[in-house]
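# Secondary and tertiary structure notes
Each chain is listed here by its residues.
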Amino acid sequence: MRVDLLINNGQVFNTFSQEFEKKAIAIKDGKILMVGPNLDFSADKIIDAKNEYIIPGLVDSHMHIESSMTDPANFGNEAVKFGTTTVIADAHEISNVAGIAGLKEFMAQKSVIDVFYALPSSVPSTKPEMETTGGIIGLEEVKELLKNPKIVCLGEAMNFKGIVSQPDSLIRQIIDLCKKMRPTMPLEGHCPQYSGLDLAKFAGSGITSDHTFQTPESIIERINDGMFIQFQNKSLSKENMQTIVKNNLYEYAGFVTDDVMADDLVNGHLNLIVKRAISLGMPVRKAIYMATYTPARRMSLNDRGAIAPGRVADLIFLNDLDNFEIDRVFKNGQSVSDLPTLKPNFSKALQHSVIAKRLGKEDLLLKSSQQSVTANVIVLNEKGTFTTSKKFELPVVDGVIDWQTSGLALLMVQERYGKNGNISFALVKSAIDKKGAIGATWAHDHHNLMVLGTDIDSILKVQHQILDEQGGYFVVNNGVIVADAPLKIGGIISEKPIEQLALELKQVRLEMQNLGYRNFNEIMSFSTISLLVSPELKISDKGMFDVKTQEHIPLFD
């Protein structure tokens, strides 16, 4: 029998024993035909692995392609270099921007890797009364999407209150519909900091995973409640890895990326998570298992995650096992170096999606007839994306509230889908301390137009640039645009190659730092001030909200 590719003399990872064995791999039609110590096949191509370690391609079971501000084509071109050969993408960002039509267009894009999708459960992330989005995924859209074989799970359910205490909420209806139409499909969750009865109610709805920040205690509690833990970078710690090792919990956890900025993606993808887990005490073979087999099994992708007959021939050659150093990658039995470089192809409608009024100075003045006001202020955290709230007493000068002298920044969110023209304001502490502004249409999850600044002229300059560029991420310092990263596809995606986008975002990050913005991920920190499911006080075009209670919080008491 003749095969397409025969790989000899490899140290092949046996997923089921979690050991390496010296064997050969026969590949035909993009799949593994046989694995054995001595395979007698004629082949179109023969490779001598020279005793290198060979493992399955990495499977990322929870991620957002739009979080890299890119599309499936450009994302795949880059991620495959680092061994990621399969992803389950929750494309709720493009869905919030353009509804089911935008999602379908996104899913139709080609990629050199295998991209499966989660059904967006949170479009909007809360409810229309709290935020305006470009699209809504309701029950009729869910019914249609559940018929699509590319949909393999329910995307992260985030509306905690709707899940645990509102039986008639849209998210509960979506969950019930998924159980009815696709009873074996996994339901993914997002439940930060919840425990006890709150967590039990959340898991009791049928949601069986969590990818948010973990501690040893939360890991044990969630797994005992029947949940699968998806470790992203912020949850990697010696204590957490030791919790898995000590309690032999490898079957109930996997590694994911969730969000990777384009300027980080050029340096690596899921492989960096695996490397870090190993450095924190996770045994190498177990780390490989948790980045290949457990995520594939979680998503019922039974044709991958292992090197065995019938599996997709996605392979990674490692020249240094302990340091997880990748030598080369094969996708469907083909060397990555031989794969074509794909490009995106989006409609003109998605390239002209920012429809909003061009603002003037009068639009940004906060006025009051009182002598002073008490403001409810959003306080940023230098670590992570959570915020807190604090009250500030502010003077009123000639009928205009003087927020600048208190060291605050003004945050403006403007509805940008041409639906209602809403504009809301917040005051922010621990943001920037120099004359300038930061703005973006990449504002999770409603992706309205959001600008933060210390002076009105800078805020206006950013707002005008966003309209002119039809979306993007911009920074103004002392009246000059110093960082410009256009995102013309839906206001959240660049059509440029990752390397070029990475340079633009690196400049955005640098200039945010120059304005005094402090966070280990400045871009994500700013863009989640608008995320109404991430504690504590966040904002949309309809105002500020307490995340847990979903209560509207006025700017001034």
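Residues numbered from 1 in each chain as written. Predicted model: local features only at pLDDT ≥ 70, side-chain atom pairs only at ≥ 80, totals over all residues. Heavy atoms only, no water.

Under the convention used in this document: UniProt positions are given in the numbering used here, feature names are shortened, and annotations may be inferred rather than shown by experiment.
Taking an unreviewed UniProt entry as the reference, the protein chain is identified by name as Adenine deaminase belonging to Companilactobacillus halodurans. What UniProt records for the protein chain under Cofactor (unreviewed entry) is the sentence "Mn(2+)". The protein chain has a UniProt comment under Sequence similarities (unreviewed entry) that states "Belongs to the metallo-dependent hydrolases superfamily. Adenine deaminase family."

### Examining the overall build of the protein chain
Using the following cut-off: Here a helix means four or more residues in a row that DSSP labels H or I, a strand means two or more in a row labelled E, and each is numbered from the N terminus. What the globule rule says is 2.2 Å times the number of residues to the power 0.38, and the radius of gyration is computed from C-alpha atoms. Here's how the labels work: a residue is buried when its accessible area is under 20% of the maximum for its type, exposed when over 50%, partly exposed in between, all with a 1.4 Å probe on protein chains only. What makes two residues a contact is simply this: any of their non-hydrogen atoms within 4.5 Å. Reported accessibility uses the Shrake-Rupley method at a 1.4 Å probe radius. Residues are deemed covered only where the shown protein chains occlude them. Charge convention: Lys and Arg are scored as positive, Asp and Glu as negative, and His as well as the terminal groups of each chain are ignored. Think of each charge as sitting on NZ of Lys, CZ of Arg, CG of Asp or CD of Glu.
Scanning the protein chain from terminus to terminus reveals 14 helices and 28 strands. By the compact-globule yardstick of 24 Å for 557 residues, the protein chain fits well, its C-alpha radius of gyration being 24 Å. Projected onto its principal axes, the C-alpha coordinates of the protein chain cover approximately 90 × 50 × 45 Å. Of all 557 residues assigned to the protein chain, the portion counted as buried reaches 61%. Restricting to contacts in the protein chain with at least 6 residues of sequence separation, those with at least 24 account for 68%. Here the protein chain displays about 20,800 Å² of accessible surface, and carbon together with sulfur accounts for 49% of that area. Both charge centroids of the protein chain, one from 57 positive and one from 67 negative side chains, sit 2 Å from each other.

### Looking at the environment of K367
The topology assignment puts K367 in the loop between β16 (334–335) and β17 (372–380). Put simply, K367 and D402 are 35 residues apart on the chain and 9.2 Å apart in space, counted from C-alpha to C-alpha. In contact with K367, not counting residues within four places along its chain, are E362, G399, V400 and I401.

### So, the UniProt feature "domain: Adenine deaminase C-terminal" (unreviewed entry) in the protein chain
In the numbering used here, UniProt assigns the "domain: Adenine deaminase C-terminal" (unreviewed entry) feature to residues 385–550. As a span, residues 385–550 carries 22% helix and 34% strand, and end to end its C-alpha atoms are 18 Å apart.

### Let's talk about the sheet that holds strand β13 (residues 253–255)
For clarity, the threshold we go by: Pairs of strands are assigned from DSSP output, requiring at least two bridges between the strands.
In spatial order, the strands read β11-β12-β13; together these three strands make up an open sheet with parallel pairing. Single-partner strands in this sheet number two, and they are β11 (209–210) and β13. Here strand β12 (residues 228–231) pairs with β13 via three bridges, running parallel. From the neighbouring strand, I229 faces β13, where its bridge partner is A253.

### Thoughts on the pairing of strand β14 (residues 315–320)
As paired elements, strand β5 (residues 53–56) and β14 share four bridges and run antiparallel to each other. When the sheet's bridge partners are listed, I55 is paired in β14 with I316.

### Comments concerning the pattern of salt bridges
Rules: Salt bridge, as used here, is a side-chain nitrogen of Lys or Arg placed within 4 Å of a carboxyl oxygen of Asp or Glu.
Overall, the coordinates contain 27 salt bridges when judged by the stated rule. Of the charged contacts, one joins D114 and R304 as a salt bridge, the two residues approaching to 2.7 Å between their closest N and O atoms. With D114 in strand β8 (residues 114–119) and R304 in the loop between α11 (284–298) and β14, the pair connects residues that are 190 residues apart, well separated along the chain. The class for R304 is buried, based on a relative accessible area of 7%. With a closest N to O distance of 2.9 Å, K331 and D314 form a salt bridge. Linking K331 in strand β15 (residues 325–331) with D314 in the loop between α11 and β14, this pair joins segments that are 17 residues apart in sequence. Looking at D314, the relative accessible area reads 4%, which means it is buried. Each of the salt bridges in this network shares a partner with another, and the network as a whole consists of D114, D303, R304, D314 and K331.

### Some words on the packing of aromatic side chains
The test is simple: Side-chain rings of Phe, Tyr and Trp, where Trp is taken by its six-membered ring, are said to pair if the distance between their centres is within 6.5 Å; with planes under 30 degrees apart they count as stacked, over 60 as edge-to-face, and otherwise as tilted.
Scanning the entire structure with this criterion turns up 12 aromatic pairs. Here the aromatic rings of F20 and Y53 are separated by 5.0 Å at their centres, their planes lie at 75 degrees, and the arrangement is edge-to-face. One end of the pair, F20, is in strand β2 (residues 19–28); the other, Y53, is in strand β5, and 33 residues separate them in sequence. Taken together, a centroid distance of 6.4 Å and an interplanar angle of 80 degrees make the contact between F106 and Y117 edge-to-face.

### Examining the environment of Y417
Inclusion rule: In the analysis that follows, any N or O atom pair within 3.5 Å is treated as a polar contact, provided that within protein one partner can donate a hydrogen and the other can accept it, and provided that, for residues neighboring in sequence, both atoms belong to side chains.
Tracing the sequence through the fold places Y417 in the loop between β20 (409–414) and β21 (423–429). In the structure, Y417 is positioned 180 residues away from S237 in sequence and 41 Å away in space, judged by C-alpha atoms. Look past the residues within four positions of Y417 in its chain and what remains in contact with it is N96, V97, T132, T133, G134, S353, I355, H446, H447 and N448. Within polar-contact distance, the side chain of Y417 engages the backbone oxygen of H446 at 2.5 Å.

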